[in-house]
Every structure is written in structure tokens, then in C-alpha cells.
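Coordinate inspection notes
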Amino acid sequence: MSAPTTRASYGRRRDTERDGDRAYRPDIEGLRAVAVGLVLLAHAGIPGLAGGFVGVDVFFVISGFLITGLLAREVSATGRVSLLRFWARRAKRLLPASATVLAVTVLLTWAFLPTLRWDEAGGDVVAAAAYVVNWHLASRSVDYLAEDSAPSVVQHYWSLSVEEQFYVLWPLLILAAVWAARRLRVPVRRALAVALTLIVVPSLAWSMWLTSTSAAQAYFVTPTRLWELGVGGLVALSVGWWRSLTPMAGRALAWSGLAVVIGGAAVIDTSTAWPGYAALVPTLGAAAVIAGGCGGSGGLGGRGGLGGFGAGVVLALPPMQRVGAMSYSLYLWHWPVLLVAADQWGPLRWWQGLLAVAASVVPAWLTYTLLEDPVRRWSLLSRVPRAALAVGAACTAVSLAAGLGLQSLAAAQVRDVPPGAAQGAAALGVPTPVRSTPTGSVGPPSPTATLRTTATPGPATRTAPTPGAAAPNPAAAGPNVAALDLDPESISPDPLRVTLDVPAIYARGCQVTLLGTAVRRCDLGSPTGRLTVALVGDSKAAQWADALDPVARQRGWRLQTYLKASCPWADAAIASGTPGAQQACRAWSRSLLATLTGPSHPDVVIVSGVKNDAVPSAGRTGSDTLIAGYSAYWNALSARGVRVIILKDTPSPGLNVYGCVADHRDDVGRCSYARNDGSGTPALVQAAGQVPGTTVATMNDWICPVPACPPVIGNVLVYRQGSHVTRTYVRTLTAPLGARLAPLVEAVPGPRAASP
């Protein structure tokens, strides 16, 4: 957001950062009030104002206008720019309040938020203190493994980081333009205008492109926002032209701009791809308000047309001036207050959000009155720029120390587990040998078989002999529920570190990213195996790689993985909130079909996935569309002699299991959830019923052995992000998984019998 560089005097102008020969622009101070008000109301959840985040774009334009004007006037007056003084002014203006809020945010996180959030929050504070939190959040926004991340405790600092980077870049750009103007013997202002245009045009183009391909990332990164600051700068360089407007034209321009900004906040919402071309609305609206006020009458008065006064009359009202003066502190404080309110009350209704935002006025006023304004007015810091920079450095050091301290506290909560304590599924043992089951089916002796054949009737399936196997593997049976201990002695991995307990193949880049389209194969198992088995699907398929790999090595299979984030392998369009993800998934799926049905096709394909529907098509529901998409591809495999095995989706807990366990280590039973078959299972099973020869297997009885699924089994935490099983627990399932899949993978091809 913009850093206000002047303070309202509510009736008199001040001698700070003049706009030409005008000392103070009350209309700009009022525009700040509009901008911060829109942001706060949007974050409070006020109905009809979801697009209030456009206020940040307004702040960018204001900053671009004021800072460019300030630097251009300094060049005109002195022929140079004092980088030391410029950066010193920014440091004393921004950093004391920023550091104070960061330090208090750390204390609030420690006091109110779950321990699970401490490490991430500390890292975010460090990034905010280093003025790079926007890049930090951009990286997280495209990190598939960050799906459980709550909004950052310093989410709002992303815009401050953009502005702080702007404060470093802009004076250097101005100096470069001045140097070029002297070398080329052209007017300095013309050179500055060309330089800004060379920033604005590519930045806008990049913003539009990146928004269409990765909107979450585009929202935060600096290059997609520079054009908004540049638009404000171009208005500053053309002040003389805007002053030539007639009073009526100035008033019309300012009113129109204000209407566009406020109307945009009402029309735009979180579904709008942002920033992209849509950000032109608040950006040009804010530019129009500022430009319309350059001549005086356009902004501040002049009785006559358009109701006899300009938009500046409204913007200059004392309440608007007070809010505008406090806008920086209000922006800093409102977010941590909202987070604490949400922690205490749960998801906030709009009136609760409004109360929280109103409460943030108190610390904002105190910060502005006791810290922000006194430091800005401290004469020593104005006379001695190095002193101001020293204050800024101290503030940065305090913020960094606070963030690192919170991370240290988080690390201290991690409990080491004694070697051998993490048994996982092995603690459930094997109760009895496998009893006979229906022909073509292998599974536990329960009424609901965990491995079923869904093919058309035919001769009994034959299983290839396994060297050294004298009898069916008892590990194929279900778990011994009597051995389940619901009071674990330890928990591994620790819930504060469980998000790192991901499949080993992730480190090899074996899972294609959300927007990736190239088919990537990773080879596991036995390099010289007699059978080729392909593991295909999204992250719910990928989670089994650490158990399938040793099974494949032991059984002599070549194991290949074909995986893509949030993309079931089906001939269907999968809805996604990320622009371009749907098209990327479709392209990857089609390319993979060609690979799996080509000359080097595998013998067996194992499929799993979490999705339960697709974009409806051909008069079908979303679920039926996905089922048809699955069966279309599996039929294509069957036509090539490739057998398909479906591995059911794992149960959906419906809560953040590891977060709950972190808060209730001594009573993990509070984190249990009702047994279910997983969100993706119905579509997988129904599609399998449409493809002869397809079999369905499950490991869900090992993941949830009792009606109230335990979060910890054999001292091992079962779940990590979403409904993904931890790598540690998956590895303990190697023997049961191999025992259930081996008969299917090694079955002699031929017609299969249907199980009842």
C-alpha cells in the first residue's frame, strides 16, 4: 500500500512534498481514505464489497504519483537525486510502524494461534522484514504441498514489499533516465516519460499474460504491479497538461475516476482474474481522480457544473482527512486483529469482521499518534539521513529477530521419537491367514471385500506362481483391530513437521506441476523386471510410490510413474480455480494416453485419484462426465491388452488431522473422524464397472481400521496435507499392499470372473 508522505492538517496546507506549486493535496489524502476503507471492508467480509482489494491498486497509483513527482522536482531543482536522503525519508516513514506491528503480530501468534502455525508465521515475518514477502507468498501460492496453509499472518505486507522494492528501483531508474537525457541532449522530463513508458507497457503485458497462466502468482509478484506505479508516475510527469483542463473538465474527470474506483470494488470479486487487464479499472480510476485534481477546481471546488463542486470537496472532508492520514497504520493493524478475532470466534460473519476492523482503529491511532507521526517529525532524522537509516536498520533487525524467535519456539515444540517406536501398520499385526474369497477377488475375510473384480463373468482368474511362495500371504488380510492402541506413546512424524513427510519422488520432480503439460516418467522398481507396471494419477496415486517401489523391486516389476498435481487421468475437463490448469490437465492426459497405448505400453496400469466430478458435458452431470472420461481411457488400455487396477481413494478426514493432533497430543482421540471411502472412490469404482477386466483394490481398512478413524496408528501420524497419507505410514503398508496387488498384477491375462 502507499506510504503517506504528508500529514493532513485538516484546514491548512503543509510544506511537504509539493505537487508543483501546491503544497498539499487534500484530495489525495481523501483518496487514501477511500482506498484503505475498501480494503478493510473487503477483508471484513462486507457483502457486495468483495472487490475492495482494488484499494491496494489505488495506493500503488498514489505512490507512483507522489514519489515520481518528488524525484522529478529534485532533479529539476538540483540536477541530481540524493539516494541517501530519499531512502532515509522512506525508512523513518515506514519502518518504525511496520516493525512494531510485526513484533506484536509475533506475540499474537504465540498467544492465540495454534503451534502448527508458528514456524510458517515466523518465516513469513522474516520475509516481511526483508521486504520480499510478496515473492515468498507467490512461491507458496503455486506450491501444491501448501494446500493446508492458512492465510499468512502478514498477508497484507505483500503490497508493502512491492512498494519497498519500488523505492529501491525508482530513484535508480530516474538517475538512469537523467544520465541518458544528458548523453542524448533531450529534455529530462521527456526522457523520464520514455523510461516510465518502457516500464509500464512491458509490465502490463506481463501482468496480463501471467494472470492468464498463473493468477495466484501474478497477484503477488512485483513485475505485474510496476505498471500501476508507473501510471501514477506518468500522471506526475504530465501535471502541466492536466492543469490546462477547464474546471468543469477537471471535476468531471475526478468524479468519473472516483465512481470507477468505488464501482469497480462493487462489481469485481475474488473470481476475477487479477491483476491482468481488470486492474486497469481501479488504476485508471485513481489516476483520473489525481489528474482531475491537478488544476485545483477539478478536485477542490469551483462552484459551477456537476453540482457546483468537485470530488475533492468530498475527499477533503475532515473525517476523510483523518482516515487518510492514518491509512498506513490502519492497513498494518487491521489484518492481525482480524486473525485473532477469527481464532477466537471461528469463521467470521460480516458483522464480526466489521467489529474486528473497527477495533483495529485503536492500535492504529496509537501507532500513528505515538510513533509514526513523531518519528516522521523528528528533526534529527531529517538533518542526519544516516541516523534515519540507522533507525530503519534497527527496526529491520527487531523484525527479523521476532520472526526467527518464533521459528525457534516452533522448533522447540517438536518432540523426538525414540528409534523403533514408529511401527505404523506393523503394530496391527496379522490376525489369521486369508480365508477363501469369491473367485477373482483377494482381500480380508470381511463382508465387504477390499479387493474386488468388476469384470464380466468368465473363467476363474489364474495367478502366476510366485517363486518361494508356499501359501497365500497372510499380509493380504485386514488389520488386527484388537491390536490397535488409541493412546500412542509417541507420534512420528511430529505434526509440526509432517508437511515435509511427502513421497520421495517429489524431490525428483516426478509429479508434473499444476500448469505443466509434458508427460514425465520416473522409473522405480526393478530395472530388469519381467513386468512393466505404471502408476498413474494425481497426488493420491503418488502417495503410494514409497510402498510400491520396494514391492516392485522384490517382485521383479519395472515400476513407472506418470503423475500430475490435481489432475485425474481421464478424458474430461477438470474444473480448477487456477487459470490454465484445466487446459494443462487435458493436454497432459491426452499425451499420456498416447504413451500408455503406444509401442512401449506397460503390462499393467494402477490408477488412483481424488476428484469426484468434472466439468459437465454432453448432457451429463459432473460425476457422470468424469466416470465416462475414466472409462474411455481405460477401454483404450484394455484394447491394447493393458490391464487396469484401481486403487481406491483414501478416506477424507474432513479436518486438518495433523493440526488437531499438534494441539491435542495427549488426547488424539479428539482428532478422529468417521470412516469413509474417500471422495474419489465412487467415480473410480463406477468407471471400473464399465470396463471389463478392471479390478478394484483398497487399503482403506489399514488406514481406518475402526468406525472412528484414529489419527495415529502404531505411533505413526496417518495424515499430512488434505487427505494424503504420510510417507512414514505408507512405508509401513508395504507388505499388505504388495500382498493385495501382487495377485492382480501377476495374473495371467484373460477373461475375469465377476465377484458378487
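Now for a quick tour of the structure. (Residues numbered from 1 in each chain as written. Predicted model: local features only at pLDDT ≥ 70, side-chain atom pairs only at ≥ 80, totals over all residues. Heavy atoms only, no water.)

**Observations concerning the pattern of salt bridges**
To keep things clear, this is the line we draw: Note on definitions: salt bridges are taken to be side-chain nitrogens of Lys or Arg within 4 Å of carboxyl oxygens of Asp or Glu. Strands are runs of DSSP state E lasting at least 2 residues, helices are runs of H or I lasting at least 4, and numbering of each runs from the N terminus. Relative accessibility thresholds used throughout: buried, under 20% of the residue-type maximum; exposed, over 50%; partly exposed, between the two (1.4 Å probe, protein chains only).
Applying the stated criterion across every chain, the model contains 19 salt bridges. Taking the shortest distance from any N to any O, the salt bridge between R376 and D373 comes out at 2.7 Å. Separated by three residues within a single helix, R376 and D373 lie in helix α18 (residues 361–377), roughly one turn from each other. Taken individually, R376 and D373 each receive the classification buried, so the pair is uniform in this respect. R586 is the salt-bridge partner of D571, the closest N and O atoms lying 3.1 Å from each other. Of this pair, D571 sits in the loop between β5 (557–564) and α23 (581–596) while R586 sits in helix α23; the two residues are 15 residues apart in sequence, bridging distant segments of the chain. Three or more residues are tied together by salt bridges with common partners; here these are D57, R225 and E228.

**A word on the pairing of β5**
Definition in use: We treat two strands as partners when DSSP finds at least two bridges between them.
Among the eight residues that make up β5, seven are buried, leaving the element largely enclosed by the rest of the structure. One ladder, built from two bridges, connects strand β2 (residues 511–512) with β5; its direction is parallel. Following the sheet pairing, Q511 is matched in β5 by L563. Bridge count between strand β3 (residues 522–525) and β5: four bridges; the pairing is antiparallel. Across the sheet, L524 pairs through a bridge with L559, a residue of β5. Bridge analysis of strand β4 (residues 531–537) against β5 gives seven bridges, and the strand direction is parallel. Counted as the bridge partner of L535 is T561 from β5.

**Topic: the state of the cysteines**
As used in these notes, a disulfide is a covalent bond between sulfur atoms, one from each of two cysteines. For clarity, the cut-off: A pair of sulfur atoms, both from cysteines and within 2.5 Å, is called a disulfide here.
On inspection of all chains with the given rule, the structure shows four disulfides. Across the disulfide from C567 sits C585; the S-S distance is 2.0 Å. The sign of the 85 degrees torsion about the S-S bond sets the C567-C585 disulfide as right-handed. Taken together, the residues span a long stretch of sequence, with C567 in the loop between β5 and α23 and C585 in helix α23 at a distance of 18 residues. The same class applies to C567 and to C585, which are both buried. Here C704 pairs with C709 through a disulfide, and the sulfurs are 1.8 Å apart. Residues C704 and C709 share a disulfide whose torsion about the S-S bond is about -80 degrees; that sign makes it left-handed.

So, to be careful, I would describe these as geometric facts and stop short of saying anything about function.
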